[in-house]
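Read off the chains here:
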Amino acid sequence: MAKGARGGPKVTLKMAKARVRESADGGRRLNLSKMGLTALPPVVLKLGHLDELDLSRNQLQSLPAGLDKLQGLVSLDLHSNQLHALPDALGHITSLQTLNLAHNRLEVEGLPESLGQLSSLRSLNLGLNQLRSLPPWLSGLGSLTHLALFDNLLECVPACVSELKPQLQHLSLHRNPLTHTHTQTHTHTHTQTEGSTVPSGGQEGMQEEEAIYLVRRAWLCAPCLRNIKGEEREEPEFREGRFLGMATPNSVAILNQHIWRHVQNAPRIALCR
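Residues numbered from 1 in each chain as written. Predicted model: local features only at pLDDT ≥ 70, side-chain atom pairs only at ≥ 80, totals over all residues. Heavy atoms only, no water.

(A) Quick look at the overall build of the protein chain. Helix and strand counts for the protein chain come out as five helices and 13 strands. A burial count over the protein chain gives 49% of its 273 residues as buried. If you take every contact in the protein chain between residues at least 6 apart in sequence, the share linking residues at least 24 apart comes to 43%. Split by element, the accessible area of the protein chain, about 14,100 Å² in all, is 48% carbon and sulfur. (Helix = DSSP H or I, 4+ residues; strand = E, 2+ residues; numbered from the N terminus. Buried < 20%, exposed > 50% of the residue type's maximum accessible area, 1.4 Å probe, protein only. Contact = heavy atoms within 4.5 Å. Areas by Shrake-Rupley, 256 points an atom, 1.4 Å probe, with all protein chains shown as cover.)

(B) Representation of the nonpolar core in the model. By size, the foremost hydrophobic cluster in this structure holds 54 residues, and its most contacted members are Leu124 and Leu147. Here Leu147 is in contact with Leu124, Leu138, Val161, Leu164, Leu168, His170, Leu171 and Ser172, once residues within four sequence places are set aside. (Core = buried A, V, L, I, M, F, W, Y, C linked by side-chain atoms within 4.5 Å.)

(C) Region of the structure containing the pairing of strand S2 (residues 28-31). Here three bridges tie strand S1 (residues 20-22) to S2, and the two strands are oriented antiparallel to one another. Bridging from a neighbouring strand, Arg21 pairs with Arg29 of S2. Connecting S1 to the next strand, S2, in antiparallel fashion are five residues, including Gly26 with a positive phi near 90 degrees. Bridge count for S2 against strand S3 (residues 52-54) is three bridges, and the pairing is parallel. Bridged to Asn31 within S3 is Asp54. (Pairing = 2+ DSSP bridges.)

(D) Representation of the confidence of the model for the protein chain. For the protein chain, per-residue confidence averages 76 on the pLDDT scale, and residues scoring 70 or more make up 62% of the total. The model gives residues 1-5 a pLDDT under 50, and that stretch makes 11 contacts with residues more than four places away or in other chains. Taken as a whole, residues 181-192 scores under 50 in pLDDT and shows 44 contacts with residues more than four places along the chain or in a different chain. (pLDDT = per-residue confidence, 0-100.)

(E) Structural detail: the side chain of Ser33. Turning to its location among the elements, Ser33 is positioned in the loop between S2 and S3. With a relative accessible area of 13%, Ser33 lands in the buried category. Residues within four places of Ser33 in sequence aside, it is in contact with Asp54, Ser56, Arg57 and Asn58.

(F) Inspection of the pattern of salt bridges at higher detail. Applying the stated criterion across every chain yields a total of four salt bridges. Note that Arg28 is salt-bridged to Asp51, the shortest N-O span being 3.3 Å. Of this pair, Arg28 sits in strand S2 while Asp51 sits in the loop between S2 and S3; the two residues are 23 residues apart in sequence, bridging distant segments of the chain. The exposure class of Arg28 is partly exposed, given its relative accessible area of 39%. Put simply, Arg29 and Glu52 hold a salt bridge, and the shortest N to O gap is 3.2 Å. Here Arg29, found in strand S2, pairs with Glu52, found in strand S3; they are 23 residues apart in sequence, far enough to count as distant. (Salt bridge = Lys/Arg side-chain N within 4 Å of Asp/Glu carboxyl O.)

(G) Structural view of unusual backbone geometry. A positive phi is found at Lys34, a non-glycine position, where the angle reads about 55 degrees. Considering the arrangement of structural elements, one finds Lys34 in the loop between S2 and S3.

(H) Focus on the environment of Ser33. In sequence terms Ser33 and Ser56 are 23 residues apart; their C-alpha atoms lie 4.8 Å from each other. At 3.0 Å, the side chain of Ser33 and the backbone oxygen of Ser56 are in polar contact. (Polar contact = N/O pair within 3.5 Å; in protein donor to acceptor, adjacent residues only side chain to side chain.)

(I) Local environment of the environment of Val161. Among the secondary structure elements, Val161 is positioned in helix H2 (residues 159-162). Looking at Val161, the relative accessible area reads 0%, which means it is buried. Along the primary structure Val161 and Pro135 are separated by 26 residues, whereas in three dimensions their C-alpha atoms are 9.7 Å apart.

See the structure below:
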């Protein structure tokens, strides 16, 4: 593939159109993952018919101001890049239902207030960033059901999380330096979290439990095995003993771990997402 003057490999409109595939639910999906991109190819903004866009595992440091040309986009995957801040335009794509921003370099200052306009957003992954706090607008995402905040620098559960509407079903907070005495809890709901349970009001702090989800290596294809390499827990149990032949799911796919946990004796393709 030819190299562009900037932004990594050159992606032409013809090439981009050729990479568009039909997703399982009939949507139009463009996969530009693992292409060494340092900037979004301008031609992508001409594909306004996209439903899903995967830009994960690149080297993106910023996103263009014209990103809102992708009206109709339902899923945007930006995990494992080098993003420090997001453009206001991202908050104007009000059709978004799934937004994966895990494994970047985001701090709270890099999350624009416009993201509070994403009224259709159901799943937001902010894990593996540098967040010490969260913006107040988060509490206004009334459609949100899945929120991932794992592997950040949060010392307490921010008030905006506690104020989220009862639609929130899944909250991932593990591997944050949470201090129990400063943890705020939900008032009228029980929210199942990865590694902890947030009880209803009247409780002090948060009850936490460590959980490791495992899958048999024999169920994984070669690309999956490569993806999880280096992300497994380096403990003796995985090299010998009771966890021999097992692996942990890719941490950036934390929201999809139910697939790993619940599929029994499944063909390999069922686990390769």
